[in-house]
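Tertiary structure, described
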Amino acid sequence: MADIVNLNQARKAKTKAEDKARAAENRARFGRTKAEKTLDAARADKLRRDLDGAKREE
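Residues numbered from 1 in each chain as written. Predicted model: local features only at pLDDT ≥ 70, side-chain atom pairs only at ≥ 80, totals over all residues. Heavy atoms only, no water.

**Side note on the overall build of the chain**
Of the regular secondary structure elements, the chain holds 2 helices and 0 strands. Expected size for 58 residues packed as a compact globule is a radius of gyration near 10 Å; at 24 Å, the chain overshoots this value by more than 25%. Considered along the principal axes of its C-alpha atoms, the chain spans approximately 80 × 30 × 15 Å. Here the chain, with 58 residues, has 0% of them falling under the buried criterion. Carbon and sulfur atoms make up 55% of the accessible area of the chain, which amounts to about 6000 Å² in all. Positive and negative charge centroids in the chain, built from 17 and 11 side chains respectively, lie 7 Å apart. (Helix = DSSP H or I, 4+ residues; strand = E, 2+ residues; numbered from the N terminus. Rg over C-alpha atoms; globule rule 2.2 N^0.38 Å. Buried < 20%, exposed > 50% of the residue type's maximum accessible area, 1.4 Å probe, protein only. Areas by Shrake-Rupley, 256 points an atom, 1.4 Å probe, with all protein chains shown as cover. Lys, Arg positive; Asp, Glu negative; His and termini not counted. Charge placed at Lys NZ, Arg CZ, Asp CG, Glu CD.)

**Side note on the pattern of salt bridges**
Taken as a whole and judged by the stated rule, the model has 6 salt bridges. R22 is the partner of D19 in a salt bridge, and the nearest nitrogen-oxygen pair spans 2.9 Å. Placement of both D19 and R22 in helix α1 (residues 7-30) is noted, with a separation of 3 residues, approximately one turn of the helix. Residue classification places D19 among the partly exposed positions, given a relative accessible area of 38%. Bridged by salt links that share partners, the residues D45, R48 and R49 form one connected network. (Salt bridge = Lys/Arg side-chain N within 4 Å of Asp/Glu carboxyl O.)

**Considerations on the environment of N8**
You can see N8 is positioned in helix α1. With 39 residues separating them along the chain, N8 and L47 place their C-alpha atoms 53 Å apart. A polar atom in the side chain of N8 sits 2.3 Å from the side chain of R11. (Polar contact = N/O pair within 3.5 Å; in protein donor to acceptor, adjacent residues only side chain to side chain.)

Shown next as structure tokens:
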């Protein structure tokens, strides 16, 4: 015999799981410190400058 499932509780549990997954994704995307953001920006700037410096003039 199958277990009886309260559909309202199942719906709420599904919503809660989806919210947790979305929160984890947002923490990974936006949860960086200012120092980490600054370091990434500095690295990107240096890479851009190095690339521009390596271009050949024709």
